[in-house]
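Close look at the chain arrangement
The chain contents come next:
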Amino acid sequence: MEEKTVYSAVQPSGDLTIGNYIGSIRNWLPLQESYTCYFAVADLHSITVRQDPALLRERTLSLAALYLACGVDPEKTTLYVQSHVPEHAQLCWALNTIAYVGEMERMTQFKDKSQKHADNINMGLMDYPVLMASDILLYQTDLVPVGQDQTQHLEICRDLAIRFNNRYGETFRVPKAHIIKERAKICSLLEPTKKMSKSDENPNASIFLTDPRDVILKKFKRAVTDSDNTIRYAEEKPGVSNLLAIYSVFRGCTIAEAEKSFEGCGYGTLKTAVGETVADALEPIQREQQRLLGEREYLLSLLKKGAENARERAEKTLISVYEKIGLLRG
Ligand code: TRP
């Protein structure tokens, strides 16, 4: 039987947090063993909000290096930059003609981002889900590992695929979300009832994958706890529970085991231990990412190979779409 295809992407806007790592990239790694995987740096999505051009370029390369440092294996997986494969934008144009303005306006992320960037509600921002659908559908994807926040976009992608297939005949495979069951939700260190976010205004609320050890330790020291001073996992203790959750995912132990190892300890001990654990886990990733960024030519050549690989698949889909909708072949 043909191997199933997995597609996912991350935008190169802003540094990733340990929440992104635990919730997304880390979960994709095992998929490489049994699926045909395409992982992309979604730079075309990033420009739907204003970016500094030089910084965007650096972040694109740095995210590609991070994927590799986390364990994405370029021998098994196609790793590439979205804008290197022109078929994404080309398919997006075709899909735009079957996507309705009304359904795009209803997207939660569009509404949120329109509020946040009220001075720049551009067409691209509204078109974001159609571009994302194009990413996925170009590769005849079966599974899309995404976090909870992207499920609405995946629904639209499925709707567009089904709509196109109904109108023009079977063309796209209709993908399914591969929702990653989060072993633990990683929350803000300062408002532990909120999810940790890479776009939090206060950098002390999040641990970024690029944070050096001393910064990590300092941020955990400042993490919000409570005045009860007992280390247990409980709903009424969101700060302490978050620290225990982070400790347990990075240690690979259960919450109960984490609680047990801090029996009789104070919050100071817990915070230091969590900080050390996270810093130890990130250190090899950071070292490898830096090493790769030092080999710019090698990285660029890997991405070029990735894009060539991706194009081979993407081109086939695009040709069949253009043919079905009646564009004359040149
Ligand atoms: N929108 C996704 C995010 O912000 C990134 C993304 C772009 C993506 N294209 C995709 C995710 C295709 C999955 C599949 O996280």
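Throughout this description, residue numbers start from 1 for each chain and increase along the sequence as written. A pLDDT threshold of at least 70 governs which residues receive local features in this predicted model, and a stricter bar of 80 or more applies before side-chain atom pairs are shown or counted, although totals over entire chains, interfaces and linings include all residues. Only hydrogens and water are set aside; all other atoms, that is, all heavy atoms of the structure, feed into the side-chain values.

This brings us to the site of the ligand. Definition of nearness: a residue and a molecule or strand are near each other if at least one heavy atom of the residue lies within 4 Å of the molecule or strand. Residues in contact with the ligand amount to 13 residues; listed here are only the nearest, Gln 11, Tyr 128, Met 132, Asp 135 and Gln 150. Whenever two N or O atoms come within 3.5 Å, that pair is a polar contact, provided that in protein one can donate a hydrogen and the other can accept it, and provided that, for residues adjacent in sequence, both atoms are side-chain atoms. Contact between the ligand and Gln 11: an oxygen atom at 3.2 Å from a side-chain N or O atom of the residue. Within the side chain of Asp 135, an N or O atom sits 2.6 Å from a nitrogen atom of the ligand. Relative to its unbound accessible area of 370 Å², the ligand is 89% covered by the protein chains. Where helices and strands are cited, they refer to DSSP runs of H or I of at least four residues and of E of at least two residues respectively, numbered from the N terminus. The set of elements that each furnish at least two residues to the shell around the ligand consists of β1 (5-10), α8 (123-138) and β4 (143-146). With four residues, the single largest contributor to the shell around the ligand is α8. Asp, Glu, Lys and Arg are counted as charged, while Ala, Val, Leu, Ile, Met, Phe, Trp, Tyr, Cys and Pro are counted as nonpolar; the rest, among them Gly, fall into the polar class. In terms of residue class, the shell around the ligand is made up of eight nonpolar, four polar and one charged. Surface accessibility follows the Shrake-Rupley procedure with a 1.4 Å probe radius. Residue values consider only the protein chains on display as shielding.

For the rest of this paragraph, the subject is the pattern of salt bridges. Should the charged atoms of two oppositely charged side chains come close, the side chains can pair. Salt bridge, as used here, is a side-chain nitrogen of Lys or Arg placed within 4 Å of a carboxyl oxygen of Asp or Glu. This structure, assessed with the given rule, holds 22 salt bridges. Its salt-bridge partner being Asp 280, residue Arg 213 comes within 2.6 Å of it at the nearest N-O pair. Separated by 67 residues along the polypeptide, Arg 213 in helix α10 (residues 213-221) and Asp 280 in helix α13 (residues 267-293) bring together distant segments of the chain. In this structure, Arg 232 engages Asp 228 in a salt bridge whose closest nitrogen and oxygen atoms are separated by 3.8 Å. Note on classification: 1.4 Å probe, protein chains only; a residue is buried when its accessible area is under 20% of the maximum for its type, exposed when over 50%, partly exposed between these limits. Arg 232 sits in the partly exposed class, given a relative accessible area of 35%. Relative accessible area serves as the criterion here: at 38%, Asp 228 is assigned to the partly exposed category.

Marked domain ranges trace back to an automatic or database domain assignment. You can read the domains of the chain as domain 1 (5-179 + 296-325) and domain 2 (203-290). Computed over C-alpha atoms only, the centres of domain 1 and domain 2 are separated by 32 Å. Facing the twelve residues of domain 1 at the interface are 13 residues of domain 2. Buried surface area refers to the total accessible area, computed with a probe of radius 1.4 Å, that the two partners give up upon joining, counted for both partners together. Interface area, domain 1 with domain 2, both sides summed: about 1200 Å², of which 76% is carbon and sulfur. When the area that domain 1 buries against domain 2 is broken down by residue, the three leading residues are Ile 18, Tyr 21 and Ala 69, summing to 43%. On the surface where domain 1 and domain 2 come into contact, there are zero salt bridges. Counting the contacts that link domain 1 with domain 2 gives three residue pairs in polar contact (both at pLDDT 80 or more). At the level of secondary structure, the elements contributing two or more residues to the side of domain 1 that touches domain 2 comprise α1 (18-28) and α4 (53-70). Throughout, a residue-residue contact means that at least one pair of heavy atoms, one from each residue, lies within 4.5 Å.

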